[in-house]
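Analysis of the macromolecular model
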2 protein chains.
Amino acid sequence: MPVDHLRGGIDLGGTKIEAIVVDGDHKLLGQARRATPTSGGPQAVANEIAGAIGDAAKLASVDVNRLSGIGIGTPGAVDAQAGTVTSAKNLPGCEGVVPLAELVQSATGVGVRLGNDVGVALDAEARLGAGRDLASFVGVFWGTGIGGGVILHGKRWLGRGAAGELGHMVVKMDGAICPCGRRGCVEAYAGRRALEARARKEHAEGRKTKLFKAMEKKGLERMTSSVWAHALEHDDELAHELIDRAVDALATGIASTVNLLDVEGVVIGGGLGTRLGDEYAQRIRDAMRPHLFVPEREPVVRVAELGDLSGALGASLLVLDRTH
Amino acid sequence: MPVDHLRGGIDLGGTKIEAIVVDGDHKLLGQARRATPTSGGPQAVANEIAGAIGDAAKLASVDVNRLSGIGIGTPGAVDAQAGTVTSAKNLPGCEGVVPLAELVQSATGVGVRLGNDVGVALDAEARLGAGRDLASFVGVFWGTGIGGGVILHGKRWLGRGAAGELGHMVVKMDGAICPCGRRGCVEAYAGRRALEARARKEHAEGRKTKLFKAMEKKGLERMTSSVWAHALEHDDELAHELIDRAVDALATGIASTVNLLDVEGVVIGGGLGTRLGDEYAQRIRDAMRPHLFVPEREPVVRVAELGDLSGALGASLLVLDRTH
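Residues numbered from 1 in each chain as written. Chains lettered and ligands numbered in written order. Predicted model: local features only at pLDDT ≥ 70, side-chain atom pairs only at ≥ 80, totals over all residues.

A short note on the overall build of chain A
Looking only at helices and strands, chain A has 10 helices and 12 strands in total. Here the C-alpha atoms of chain A give a radius of gyration of 20 Å, agreeing with the 20 Å that 2.2 N^0.38 yields for 324 residues. Projected onto the principal axes, the alpha-carbon positions of chain A cover approximately 55 × 45 × 35 Å. In chain A, which comprises 324 residues, the share counted as buried stands at 54%. Taking contacts inside chain A between residues at least 6 apart in sequence as the whole, the part at least 24 apart equals 63%. (Helix = DSSP H or I, 4+ residues; strand = E, 2+ residues; numbered from the N terminus. Rg over C-alpha atoms; globule rule 2.2 N^0.38 Å. Buried ≥ 20, exposed ≤ 12 C-beta atoms within 10 Å, placed from the backbone. Contact = placed C-beta atoms within 7 Å.)

So this is what it looks like as structure tokens:
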């Protein structure tokens, strides 16, 4: 592959669009970020994506039309063949089937490939990050929800297209209600959305906590990863209690996966996973141990290495990979 | 493959040795069964295996030394390369590392390959049975314990050698104690051993049940699959309650597996699975539904087709497969 084989990568999120330009060695040449438009629907989103990749290209001192392709990691259900995305609920005004590849291709003049946001981030960790020396591992994105996936023989296992829902493995029959509407899922105990709902409920019932003060201090309306990290650092009892419960649920779901698939490792990413870092990754490892069927050969547990860039880097890999 | 390409298959169990001879089309030419020796250790076991395959060959009207090989499915941890098995706790006097392949080879004069008993039974269902048209499925052996495995791209996924422990996926954090010593595993609710222990406990506490009368009538000391089937058919309340709980736990573990791997199907075998048949397979399917992340595309759920012969047939496949 020539070093001038330049690619674009887009991590399309509900609040921001992260754009990068990389070379054939996956070296970052330019990086830009724009806010995801809250009105204007798919065309507005495509225009902002084109603008963001234009910014990144400019910072890389290259012309957008020199890119060999642009990969986009998006929420929702992707049909890579058709270049469409559906059920991208986090994207304002993007209900129904959105021909995102075509829209961005028209706006940039460059070929576009789509992939699922969590999936491509996992691909990036597998190829360039914490999983690059592991032939098999389970990836867990501990964020607003719990995303995941399994890498087998170095490749993401897709099943019939919907594999990887580690967050919706059931760790407690008849357990807590999950944001997905089902009961007892890992995400019901560990997802940031579920954690915040539980914290608000306990607070409304009179429980003391520093979570709300931390949120206000940061000028936030949501309990972001940094709000949780702040409360944990300041020995907030409720934060510790809820995060411990999250660690237990994650560890249980991951251990079940390990018992089923006997993978070599576990890579933990996502907003909370990255923010809480190695200390909590090792807590998850410790909490897995009582559930492991072969405890004397436990998998390695690591924090994802590519951080915020995993989504955009993984998206840029779509350009290389004909199977996506 | 010539039709005279004859193979031997052995299903080595704690109570019996099932031996078959098949031709190149997997057609059963001879079948014999002997009791597993309760004394004499590995050499006695090897001698009885040789005797059983000799009986099966005689019934097939062929000479044992015409077999191109003998495959053995055994409990315990198999090192296929070394031809050894360890931790075969169900086999009397076979503690430690047993060079089973060599012992049987010496006793028969025919090359021997070893595989895990549950694993080879699953291979048989994948190649010749209920999974033969499925590119990916999860196999569940509902018996004394809960065995399992996943078939991906038509092949059993082995992980680092210990994959497939669906029975030890955790469906209830802090749940019931499992025969494996851990808590909340599928097997703690669904395995025949756990079911019997629970029934005995409830009976000792004064609960009425027909399970014990059914057992005595059949002259048995254990609650076999037929005892449970009998009690269910006679509307025994405790039997229904415990089997319903087993169905829920199995369905939860299987649904978690489907959410993780998005496989095409589920094949349910094992003593209880086969005995309770399609009615209960469909109950498991129904109980899975509330947990499925993509309920509109649920996997097919089927009973294993090869019944008691799956182990011996799968073992005979080891002779063909260089990867085992």
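Structure shown, so let's carry the discussion forward.
A closer look at the interface of chain B and chain A
Opposite the 35 residues of chain B that make contact, chain A presents 35 residues. Elements represented by at least two residues in the side of chain B that touches chain A include exactly strand 9 (146-152) and helix 8 (237-261) of chain B. Per-element accounting of the side of chain B that touches chain A gives the leading share, 8 residues, to helix 8 of chain B. Considering only residue class, the side of chain B that touches chain A consists of 17 nonpolar, 10 polar and 8 charged. (Nonpolar A, V, L, I, M, F, W, Y, C, P; charged D, E, K, R; others polar.)

Section: the relation of the copies chain B and chain A
Rotating chain B by 180° about the axis while translating it 0.0 Å along that axis superimposes it on chain A, leaving an RMSD of 0.1 Å. Look at the turn and shift together and you get a two-fold axis relating the two. Across chain B, the smallest distance between a C-alpha and the rotation axis is recorded for Lys172(B), namely 2.1 Å. (Least-squares fit on C-alpha atoms with pLDDT ≥ 70 in both.)

Examining the environment of Arg33(A)
Residue and element names in this part refer to chain A. Mapped onto the secondary structure, Arg 33 falls in strand 3 (residues 28-35). Residue classification places Arg 33 among the partly exposed positions, given that 15 C-beta atoms sit within 10 Å. Taking the C-alpha atoms as reference points, Arg 33 and Thr 224, 191 residues apart in sequence, are found 19 Å from one another. Sequence-distant contacts of Arg 33, defined by excluding residues within four places in its chain, comprise Lys 16, Ile 17, Glu 18 and Ala 52.

Focus: the pairing of strand 7 (residues 112-116) of chain B
Residue and element names in this part refer to chain B. A large share of strand 7 lies buried, amounting to 5 of its 5 residues. Side chains Val 112, Leu 114 and Asn 116 project from strand 7 onto one buried face, and the interleaved Arg 113 and Gly 115 project onto a second face that is buried too. In the sheet, strand 4 (residues 70-74) pairs with strand 7 via 5 bridges, with the strands oriented parallel. Opposite Ile 70, over in strand 7, you have Val 112 as the bridge partner. (Pairing = 2+ DSSP bridges.)

Describing the domain arrangement of chain A
Residue and element names in this part refer to chain A. When its domains are assigned, chain A resolves into domain 1 (7-121 + 310-318) and domain 2 (130-305). Residue-level contacts link 4 residues of domain 1 with 7 residues of domain 2. Among the elements that take part in the side of domain 1 that touches domain 2, helix 3 (residues 117-128) stands out by supplying 3 residues, more than any other. Residue classes in the side of domain 1 that touches domain 2 are distributed as 2 nonpolar, 2 polar and no charged. (Domains from an automatic or database assignment.)

So, the sheet that holds strand 11 (residues 265-269) of chain A
Picture the strands of a sheet paired through backbone hydrogen bonds; they go either parallel or antiparallel. Residues and elements named next belong to chain A. Taken in spatial order, the 5 strands of this open sheet run 10-9-8-11-12, and their pairing is mixed. A single partner strand is all that each edge strand has here, and the edge strands are strand 10 (155-156) and strand 12 (300-303). Looking at chain direction, strand 11 and strand 12 are connected through 4 bridges and run parallel. Residue Val 266 lies in a different strand from strand 12, and its bridge partner there is Val 301. In the packing of helix 9 (residues 270-288) onto the sheet, the strands contacted are strand 8 (137-142), strand 9 (146-152), strand 11 and strand 12, and the crossing angle to strand 12 comes to about 155°. (Axes fitted to C-alpha atoms, helices over the stretch in contact; angles between N-to-C directions.)

Examining the pairing of strand 3 of chain A
All names here are of chain A. Sheet topology places strand 2 (residues 16-22) next to strand 3; 7 bridges connect them, and they run antiparallel. The residue bridging Val 21 from the neighbouring strand is Gly 30, located in strand 3. Here strand 2 folds back onto strand 3 in antiparallel fashion, the turn holding 5 residues, of which His 26 has a positive phi close to 65°.

A look at the packing of helix 1 (residues 41-59) of chain B against helix 2 (residues 100-108) of chain B
Geometrically, a packed helix pair is captured by the angle between its two axes and the distance between the axes. Residue and element names in this part refer to chain B. Contact geometry for helix 1 and helix 2: axes closest at 9 Å, N-to-C directions at 50°. The pairing of helix 1 with helix 2 is recorded here as oblique in orientation. In the packing of helix 1 onto helix 2, the handedness of the crossing is right-handed. When helix 1 is examined against helix 2, the residues Pro 42, Gln 43, Ala 46, Asn 47, Ile 49, Ala 50 and Ile 53 are found in contact with a partner set consisting of Leu 100, Leu 103, Val 104, Ala 107 and Thr 108. Residue composition of the contact of helix 1 with helix 2, by class: 9 nonpolar, 3 polar and no charged. (Parallel < 35°, antiparallel > 145°, perpendicular 65-115°, else oblique. Left-handed = near helix turned anticlockwise from the far one by under 90°.)

Quick look at the sheet that holds strand 1 (residues 7-12) of chain A
Residue and element names in this part refer to chain A. Pairing is mixed in the open sheet, where 5 strands are placed in the order 3-2-1-4-7. Single-partner strands in this sheet number two, and they are strand 3 and strand 7 (112-116). Neighbour-to-neighbour, the strand axes of this sheet turn through a mean angle of 20°, independent of strand direction. Contacts from helix 2 (residues 100-108) reach strand 4 (70-74) and strand 7 within the one sheet, and its direction differs from that of strand 7 by about 140°. Of the strands in this sheet, strand 1, strand 2, strand 4 and strand 7 touch helix 10 (residues 310-318), which is tilted by about 130° from strand 1.

A closer look at unusual backbone geometry
Across the chain, the bulk of peptide bonds are trans and the bulk of non-glycine residues have phi less than zero. All names here are of chain B. Phi at Asp 174 takes a positive value of approximately 55°, unusual for a residue other than glycine. Note that Asp 174 resides in the loop between strand 10 (155-156) and helix 4 (186-190). What makes Asp 174 exposed here is the crowd of 10 C-beta atoms within 10 Å. Phi is positive for Asp 262, close to 50°, though the residue is something other than glycine. Counting through the fold element by element, Asp 262 comes out in the loop between helix 8 and strand 11 (265-269). Taking the C-beta count within 10 Å as the criterion, Asp 262 has 21 such neighbours and is therefore assigned buried.

Details of the environment of Ser136(A)
Its location among the elements puts Ser136(A) in the loop between helix 3 and strand 8. Spatially, the C-alpha atom of Ser136(A) lies 6.8 Å from that of Gly265(A), the residues being 129 residues apart in sequence. Dropping the residues within four chain positions of it, Ser136(A) is found in contact with Ile151(A), Leu152(A), His153(A), Val263(A), Glu264(A) and Gly159(B).

Here we look at the packing of helix 5 (residues 192-204) of chain B against helix 8 of chain B
Residue and element names in this part refer to chain B. Relative orientation of the contacting elements helix 5 and helix 8 amounts to 145°, with a least axis distance of 11 Å. Note on packing geometry: the crossing formed by helix 5 with helix 8 is right-handed. Contacts between helix 5 and helix 8 involve Leu 195, Arg 198, Ala 199 and Glu 202 on the former and, on the latter, Leu 238, Leu 242 and Ala 246. Grouping the constituent residues of the contact of helix 5 with helix 8 by class yields 5 nonpolar, no polar and 2 charged.

What about the environment of Val140(B)?
Residues and elements named next belong to chain B. Relative to the assigned elements, Val 140 resides in strand 8 (residues 137-142). C-beta crowding within 10 Å serves as the criterion here: with 31 such atoms nearby, Val 140 is assigned to the buried category. Residues Val 140 and Val 150, spaced 10 residues apart in sequence, show a C-alpha to C-alpha distance of 8.9 Å. The residues touching Val 140, leaving out its near neighbours within four places in the chain, are Ile 146, Gly 148, Leu 166, Leu 250, Ile 254, Val 266, Ile 268 and Gly 273.

Overview of helix 9 (residues 270-288) of chain B
Structurally, the α-helix is built with 3.6 residues per turn, so residues lying three or four positions apart point the same way. Residues and elements named next belong to chain B. For helix 9, spanning 19 residues, the distance from its first C-alpha to its last is only 19 Å, which falls clearly below the expected 27 Å at 1.5 Å a residue. Along its length, helix 9 shows its largest kink, about 110°, at Gly 277. Turning to helix 9, its buried residues number three or more, namely Gly 270, Leu 272, Gly 273, Thr 274, Leu 276, Tyr 280, Ala 281, Ile 284, Arg 285 and Met 288. (Expected span 1.5 Å × (residues − 1). Bend = angle between axes of the 7 residues up to and from the residue.)

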